[in-house]
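Here's the letter readout for the chains.
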Amino acid sequence: MANVTDLQTKYSKLAQEYSKLRAQNQVLKKGVVDEQANSASLKEQLKQRDQSLRKQEQEMDSLSFRNQQLAKRVELLQEELAASEAKGKKGKHGLQTQSVFDEDLQKKIEENERLHIQFYEADERHKKTEAELRERLEKLEKDAEQHHGVVDGLTTKYAETIERLQSDKARLEVKAQTLEREAKECRMRTEDCQQQLRRCQSELNRQVKQSSSVIQEKVPFNDTKFSDYNSLNVPSHNRRHQLKARDVAGQAMSFIQDLVAALLNVHSYTEQRVHIYPLDSSIETISPLNQKFSQYLHENAAYVRPLEDSFLQLYQSITEDTVTVLETVVKLKIFSDNFSSYTHFLQKILPYQLKSLEEECEAPLCTAALSAKNQELQSDIKRVTSVFEKLQNYINLLALPSVRQDAMPHSNTSAVFTQLAACLHSLHDAIKEMSKHYNQKADIERELPTVTQKLCTTTECLLGSLGSLTSCTGKIATFFSNNLDFFTSSGYSPRGSTAALNPVQAESMLANKKKATAYIQAVKKAKPQSVPYREALSNRRILTSSTESREGLTQQVQQSQEKIARLEQEKEHWLLEAQLGKVRLEKENQRIAELEAQLAAALGGSPNSQTAAAGALTRGHEEAAAELKAAEKEPTLCTSLVGMLCTTPTDEHVGDEESREQLIKSHYMARVGELTTQLQISDSKAVHFHSECRALAKRLAIAEKSRETFSEEVKLANQNITRLQDELATTKRSYEDQLSMMSDHLCSMNETLSKQREEIDTLKMGSKGNAKKNKGR
């Protein structure tokens, strides 16, 4: 997360540097355009000078031709004069001719002198023009060198920026790959945890059913039909809920502080902008509408500061020893009232904002694009104000239960929290759209010729405040959505009832908590030796495992009862067998009695018959003794609570049956104890694994949320990188085009200057030659 924030700060710095370089680029563009205009004017002047120079050359040629004619004429006249002098004076007609020739010669000499003067003046003007053109050429060369230096510096700077962005992109790609790998691992762990969670859920459902049946059977005081008559229906104090509420309120407090700071900056910089644009208050008086708007904006701290103070009171009222529900949070009403006053303040300044933007559209230098952006800003401001009104309504609804107990049921509270989260996201989107349109408007205003540095600085500060307000509202919306389950859950509710907690129950709960604390302190004073922490944890685990192994014990009891029933059936079976044995014994006794009677009857007869009867009786007794011995040697079946045991008694081991049965019973009882301890250990392990699975499931949900946020941030960073690369490519392309144009222009200028120098040199050489000829003449 820290790397992403660093990247965001780097990209914001790059964006600021890019805006500065863009402004410098516009200045350079204006300089280049001015230089192009100057060069064009210089070209026109150079063409005019060339034309004048050609005219002068033509005049020089005509004058030189005329001079040659006059020189030939003078030579002819001199020859004629010499001829006339040689012939002598031949009369009056010759004198008249001579005077005419002298006058003509004098005129030609004066004309020649005048032409020499004109030629000298033209030569001086030509030298002066040449010197001026050389000075301008040197100045243009210096400007061209400066422009080359600026362009080289910008090229190197943008090359470094491109390299840095490419390295950041590579680093982000590596990070994205690692995040994808972690996401795959998390998905695999998620599948495992889901399987474990399904198993644990089935186990927990079974335990819940069993516990509910036990509670219904063993708790006769839970009167859920008439909760008003149930004196034991007071919930227990939830310390975990209080700590979570304290943590959430602390996070919300930091976000509210950032929001208040951003709102103060936005209103303050808007007030400064009203004093600067469209009319500067330091130079001329602004309109009465903007004066009233500025006065209202100056009072913004009286409406914004109470938001932070009231929420701080709300945060301080949430402690570990209080009960935090909507019905007991009284300070929320104060925050709701302050938020309503700030919403009324926004509604009060809304028409002035719209009129101020219309006044900017009516300015003489306002373009069509700037008017369109002002109209978009008007719709954005209306949307932001309407979203604040919705937020006010939802916050007022949440503050109602602390004033009136039957204001709103719990289901409606959940719906209000859900709508409030959606409204916060709408506020973030509206402020983001307004910031984007304001950025576009600022870019258009920078291109206006009447924009001052003071206005640019104020606009940059206002854009920065809007950016911080956008990020702050986004954080608040994300925070509220992430904690929506906590807001909609009921931390406190009476057992067996869905009704909300009233203040009377909250007071009784706190009183019970104080009594319990006093009792525990008294017990500690009476018994200073407390149980060690590790021993207490082990006892708690044992208690939890024994509580959760109740189902296993009930199953064991059921199995024992089934075994007892089976043993009872076996017992009845053997009783029937015993009765049958008794019947057989009676029959045998009757048969023996009959035999004895027969024997007695036989004894009363002859001695032979008596002897035979005695032998028969003797054989009968021997057979009975043999049967008894055989019965003693046959194995016997003994039954008890442990089970059935088949034994073959002997003379020396008849008394060991009871000791053997006792040994077997003790062995099985020890085995049953070992199995019971193993079952308890396995149950405690199952409870421990279940808690670990729940913790892993929570961590997995948090990891999934963080992964989603990281992926969104990576997408935004990639979009910013692509946008900056596109802007950089367009800027580089435009600079390269400008460089090529400037280099072509400089080449053409150098060519024209070289041609001019050559023409000037030829003219100088021609003028020098003409001057020598004239001197020679």
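Please refer to the structure higher up on the page.
Bear in mind the structure is a predicted one, so any value in this text is a computation, not a measurement. (Residues numbered from 1 in each chain as written. Predicted model: local features only at pLDDT ≥ 70, side-chain atom pairs only at ≥ 80, totals over all residues. Heavy atoms only, no water.)

*Asks:* I'd like to hear about the pattern of salt bridges, residue by residue, with values.
*Replies:* In total, this model carries 17 salt bridges according to the counting rule given. Put simply, glutamate 203 and arginine 206 hold a salt bridge, and the shortest N to O gap is 1.9 Å. In this pair, glutamate 203 and arginine 206 are both assigned in helix H2 (residues 92-218), three residues apart and thus about one turn of the helix distant. Judged by its relative accessible area of 33%, glutamate 203 falls in the partly exposed class. Between glutamate 445 and lysine 441 there is a salt bridge whose closest N-O contact spans 3.9 Å. Taken together, the positions of glutamate 445 and lysine 441, both in helix H8 (residues 410-446) and four residues apart, correspond to about one turn of that helix. As far as burial versus exposure is concerned, glutamate 445 and lysine 441 are alike and both buried. By sharing partners, the salt bridges in this structure join Arg273, Glu360, Lys441 and Glu445 into a single network. (Salt bridge = Lys/Arg side-chain N within 4 Å of Asp/Glu carboxyl O. Helix = DSSP H or I, 4+ residues; strand = E, 2+ residues; numbered from the N terminus. Buried < 20%, exposed > 50% of the residue type's maximum accessible area, 1.4 Å probe, protein only.)

*Asks:* Explain the packing of helix H4 (residues 288-298) against helix H6 (residues 331-361) residue by residue, including any values.
*Replies:* Their axes nearest at 10 Å, the elements H4 and H6 cross at an angle of 145 degrees. As for the relative orientation of H4 and H6, their crossing is left-handed in sense. Of the residues in H6, those in contact with Leu289, Asn290, Lys292, Phe293, Tyr296 and Leu297 of H4 are Phe345, Lys348, Ile349, Tyr352, Gln353, Lys355, Ser356 and Glu359. Taken together, the residues that form the contact of H4 with H6 break down as seven nonpolar, three polar and four charged. (Axes fitted to C-alpha atoms, helices over the stretch in contact; angles between N-to-C directions. Left-handed = near helix turned anticlockwise from the far one by under 90°. Contact = heavy atoms within 4.5 Å. Nonpolar A, V, L, I, M, F, W, Y, C, P; charged D, E, K, R; others polar.)

*Asks:* Let's hear about the packing of aromatic side chains: which residues, and what values?
*Replies:* If you walk through the whole model with that rule in mind, you get 12 aromatic pairs. Look at tyrosine 296 and tyrosine 352: their rings are 5.2 Å apart centre to centre, the planes differ by 70 degrees, and that puts the pair in the edge-to-face class. Of this pair, tyrosine 296 sits in helix H4 while tyrosine 352 sits in helix H6; the two residues are 56 residues apart in sequence, bridging distant segments of the chain. Centroid distance phenylalanine 417 to phenylalanine 480: 6.2 Å. Interplanar angle 35 degrees. Geometry classified as tilted. Within this pair, whereas phenylalanine 417 is found in helix H8, its partner phenylalanine 480 is found in helix H9 (residues 453-482), the two being separated by 63 residues in sequence. Phenylalanine 417 gets classed as buried once you look at its relative accessible area, which sits at 8%. For phenylalanine 480, a relative accessible area of 9% corresponds to the buried category. (Phe/Tyr/Trp six-rings, centres within 6.5 Å; stacked < 30°, edge-to-face > 60°.)

*Asks:* Kindly report on the nonpolar core, identifying the contributing residues and their values.
*Replies:* Soluble, globular proteins show a tendency: their nonpolar side chains are buried together. Leu332, Phe335, Tyr342 and Phe480 are the most contacted members of the largest nonpolar core, which has 69 residues in total. Secondary structure elements with two or more residues in this core: helix H3 (239-276), H4, helix H5 (301-317), H6, helix H7 (368-399), H8, H9 and helix H10 (484-488). The element that contributes the greatest number of residues to this core is H3, accounting for 14 residues. Every residue in contact with leucine 332, bar those within four places of it in the chain, is listed here: Leu314, Leu326, Leu398 and Ala399. Residues Cys366, Leu370, Ile444 and Leu448 belong to the second largest nonpolar core, which totals eight residues. (Core = buried A, V, L, I, M, F, W, Y, C linked by side-chain atoms within 4.5 Å.)

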